[in-house]
Amino acid sequence: MTELQPDDIRQLAATALDEARAQDIRELDIRNLTDIADWMIVASGTSSRHVLALSEAVREVTRGVGLRPLGTEGESESDWVLLDYGDVIVQLMLPTTRAFYDLEGLWNDRLGEKLKSAREGQTDP
């Protein structure tokens with residue numbers, strides 16, 4: 001079996017979320033902002049039950065290609081579920097939780113500029 005690339009995982013997850021009727025699916029390219037991942041997918045569910053169903057939809061489609069998340073968080077609370085696939089992080093939230101944390105606002109070009117400035121200001125000991 002061929003190893004899946006981050007773009008393949010991103011597409012699988014986004015398609016699964018679309019088919020499970022996730023709301024406002026955003027695929028954030030964070031390659032220039034951090035080394036922790038290449039992509040962050042953020043989507044909303046209409047209820048806690050829907051957020052869990054979205055999580056299971058992503059798990060099911062990735063399991064079908066032999067991929068399991070490296071870690072998961074939040075499934076017991078289900079207002080925010082995180083699935084970590086290494087180079088792709090899937091964040092599923094209730095709309096109120098999503099608005100409060102505003103991940104799309106955080107992971108943007110402004111953050112990239114701040115990080116770049118901070119890195120340039122650092123000196124190696």
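Heads up: these notes are all about the structure in this document. This structure is a prediction, so every number in the text was calculated from the model and none was measured.

### Thoughts on the sheet that holds strand 5 (residues 88-93)
Here's step 1: Strand order in the open sheet formed by five strands is 1-2-5-4-3, and the pairing between neighbours is mixed. The outermost strands of the open sheet, each flanked by one partner alone, are strand 1 (23-29) and strand 3 (71-73). Averaged over all neighbouring strand pairs, the angle between strand axes comes to 10°, with direction disregarded.
Here's step 2: Alignment of strand 2 (residues 39-44) against strand 5, held across six bridges, turns out to be parallel. Within the sheet, the bridge partner assigned to Trp39 lies in strand 5 and is Val88.
Here's step 3: Sheet strands in contact with helix 2 (residues 48-63) are strand 2, strand 3, strand 4 (80-84) and strand 5, and its direction is about 10° off that of strand 4.

### Some remarks on the pairing of strand 4
Here's step 1: Every second residue of strand 4 is oriented toward a common face, the buried set being Val81 and Leu83 and the non-buried set Trp80, Leu82 and Asp84.
Here's step 2: One ladder, built from three bridges, connects strand 3 with strand 4; its direction is antiparallel. Its bridge partner lying in strand 4, Gly71 is registered against Asp84.
Here's step 3: What sits between the antiparallel neighbours strand 3 and strand 4 is a turn of six residues, in which Gly74 has the positive phi angle 90°.
Here's step 4: Strand direction decides the pairing type here: strand 4 and strand 5, joined by five bridges, are antiparallel. By the bridge assignment for strand 5, Leu83 is matched with Val90.

### A look at the packing of helix 1 (residues 6-19) against helix 2
Here's step 1: With their axes 9 Å apart at the nearest point, helix 1 and helix 2 run at an angle of 135° to one another. In terms of axis orientation, helix 1 runs oblique to helix 2. Note on packing geometry: the crossing formed by helix 1 with helix 2 is right-handed. Contacts from Leu12, Ala13, Ala16 and Leu17 of helix 1 reach helix 2 at Leu54, Ala57, Val58 and Val61.
Here's step 2: A per-class count over the contact of helix 1 with helix 2 returns eight nonpolar, no polar and no charged.

### Let's talk about helix 1
Here's step 1: The terminal C-alpha atoms of helix 1 lie 20 Å apart, and with 14 residues this matches the ideal 20 Å at 1.5 Å per residue to within 8%.
Here's step 2: Among all positions of helix 1, only Pro6, Ile9, Arg10, Ala13, Ala14, Ala16 and Leu17 are buried. Considered in projection along helix 1, the buried side chains sweep an arc of 160° and stay on one side of the axis. In helix 1, those exposed residues whose orientation departs by more than 90 degrees from the buried face are Asp18 and Glu19.
Here's step 3: Looking at the buried side of helix 1, the elements it contacts are strand 1, strand 2, helix 2 and strand 5.
Here's step 4: At the C-terminal side of helix 1, Arg21 shows a positive phi close to 65°.

### Side note on unusual backbone geometry
Here's step 1: A positive phi is found at Asp24, a non-glycine position, where the angle reads about 50°.
Here's step 2: Relative to the elements of secondary structure, Asp24 occurs in strand 1.
Here's step 3: Of note in the backbone geometry, Asp102 takes a positive phi value of approximately 45° without being a glycine.
Here's step 4: With respect to the helices, strands and loops of the structure, Asp102 is situated in the loop between helix 3 (95-101) and helix 4 (103-106).
Here's step 5: With relative accessibility at 38%, the residue Asp102 sits in the partly exposed group.

Rules of the game
- Residues numbered from 1 in each chain as written.
- Predicted model: local features only at pLDDT ≥ 70, side-chain atom pairs only at ≥ 80, totals over all residues.
- Heavy atoms only, no water.
- Pairing = 2+ DSSP bridges.
- Helix = DSSP H or I, 4+ residues; strand = E, 2+ residues; numbered from the N terminus.
- Axes fitted to C-alpha atoms, helices over the stretch in contact; angles between N-to-C directions.
- Contact = heavy atoms within 4.5 Å.
- Buried < 20%, exposed > 50% of the residue type's maximum accessible area, 1.4 Å probe, protein only.
- Parallel < 35°, antiparallel > 145°, perpendicular 65-115°, else oblique.
- Left-handed = near helix turned anticlockwise from the far one by under 90°.
- Nonpolar A, V, L, I, M, F, W, Y, C, P; charged D, E, K, R; others polar.
- Expected span 1.5 Å × (residues − 1).
- Arc of directions from axis to C-beta.

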